[in-house]
Amino acid sequence: MKELEYTESAQFKCDFVWFVVAAPVLDGSVITAKRTAAVSAIATKVRIWNRSKEKAEKFASSVHGPVRVCSSAQEAVVGADVIVTVTMAAEPILSGAWVKPGAHINAVGACRPNWRELDDKLMKNCSLFVDSREAASEESGDVILSGAEIFAELGEVLKGTKPALPEKTTVFKSLGLAVEDAVAAKFVYDAWSAAN
């Protein structure tokens, strides 16, 4: 298993994958994007895949640093330490067979009870973290349809009442909380205010 490497410049180096499916731009999407980036911005190498190669290339051109557009989801994720899914997929697009042991997945999309990004193999063989048990049990098709057991809420890990389990394959199924959006909105507003 490849460990994260600590470099002299005090940055973590790891393989990092984004799945991106374009969606209409709404006011909330800017806030969500900033929140997601803040939580997920630890990568030095980025591989991305999209059902549309054109959209993947457009997204890649907006990312600073080394980015590789992959021709398949499997190519993008095999060997990755961190995987981020941001899709509106109705059927799983990430197979547990492709995910290396000890990887971490931030599953941000597929936020409806009948939508899924992650297959049963991955969901049943991971330690599952969520922002809210109640929300995940009612809104996340990945959780509901797989029957996966939720290990902990993120807040429990932050408080120290549940361990983070970095040695295991972990999934953070994010549905977002209003408090996260409020904090992200403040950052967006502050950035806008500073620029104007």
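Coordinates for the structure precede this section.
None of these values were measured; they are calculated from a predicted model.

Colleague: I tried to follow the nonpolar core on my own but got confused; where do I start?
Modeller: The nonpolar side chains of a soluble globular protein tend to be buried, and buried together. Ranked by size, the top nonpolar core spans 27 residues in total, and within it Leu94, Ile105, Leu118, Leu128 and Val171 carry the most contacts. Those elements giving two or more residues to this core turn out to be helix H3 (73–77), strand E7 (104–107), helix H4 (120–124), strand E8 (127–130) and helix H5 (133–139). Broken down by element, the residue count for this core peaks at three residues, all from H3. In contact with Val171, not counting residues within four places along its chain, are His104, Ile105, Ala107, Leu118, Leu122, Cys126, Ser127, Leu128 and Phe129.

Colleague: Looking at this structure, how should I read the packing of aromatic side chains?
Modeller: As enumerated under the stated definition, the model contains two aromatic pairs in all. An angle of 70 degrees between the planes, with centres 5.5 Å apart, marks the rings of Phe129 and Phe151 as edge-to-face. With Phe129 in strand E8 and Phe151 in strand E9 (residues 150–153), the pair connects residues that are 22 residues apart, well separated along the chain. Relative accessible area serves as the criterion here: at 6%, Phe129 is assigned to the buried category. Measuring from centroid to centroid gives 6.1 Å for Tyr189 and Trp192, while their planes differ by 35 degrees, and the two rings are tilted.

Colleague: How should the pattern of salt bridges be read in this particular structure?
Modeller: If charged atoms from side chains of opposite charge come close, those side chains can pair. If you walk through the whole model with that rule in mind, you get nine salt bridges. For the salt bridge of Glu75 with Arg68, the shortest nitrogen-to-oxygen distance reads 3.1 Å. Close ionic contact of Glu117 with Lys173 constitutes a salt bridge, the shortest N to O distance being 3.7 Å. Taken together, the residues span a long stretch of sequence, with Glu117 in the loop between E7 and H4 and Lys173 in strand E10 (residues 170–173) at a distance of 56 residues. The pair formed by Glu117 and Lys173 is uniform in burial state, with each residue classed as buried. Beyond isolated ion pairs, a larger network of salt bridges with shared partners links Arg116, Glu117, Asp120, Asp142 and Lys173.

Colleague: What am I meant to see in the environment of Pro163 here?
Modeller: Relative to the assigned elements, Pro163 resides in the loop between helix H7 (154–159) and E10. Along the chain, Pro163 and Phe151 lie 12 residues apart, while their C-alpha atoms are 9.6 Å from each other. Once residues within four sequence positions are removed from consideration, Pro163 is found in contact with Phe129, Phe151 and Val157.

Reading the values: the criteria
Residues numbered from 1 in each chain as written. Predicted model: local features only at pLDDT ≥ 70, side-chain atom pairs only at ≥ 80, totals over all residues. Heavy atoms only, no water. Core = buried A, V, L, I, M, F, W, Y, C linked by side-chain atoms within 4.5 Å. Buried < 20%, exposed > 50% of the residue type's maximum accessible area, 1.4 Å probe, protein only. Helix = DSSP H or I, 4+ residues; strand = E, 2+ residues; numbered from the N terminus. Contact = heavy atoms within 4.5 Å. Phe/Tyr/Trp six-rings, centres within 6.5 Å; stacked < 30°, edge-to-face > 60°. Salt bridge = Lys/Arg side-chain N within 4 Å of Asp/Glu carboxyl O.

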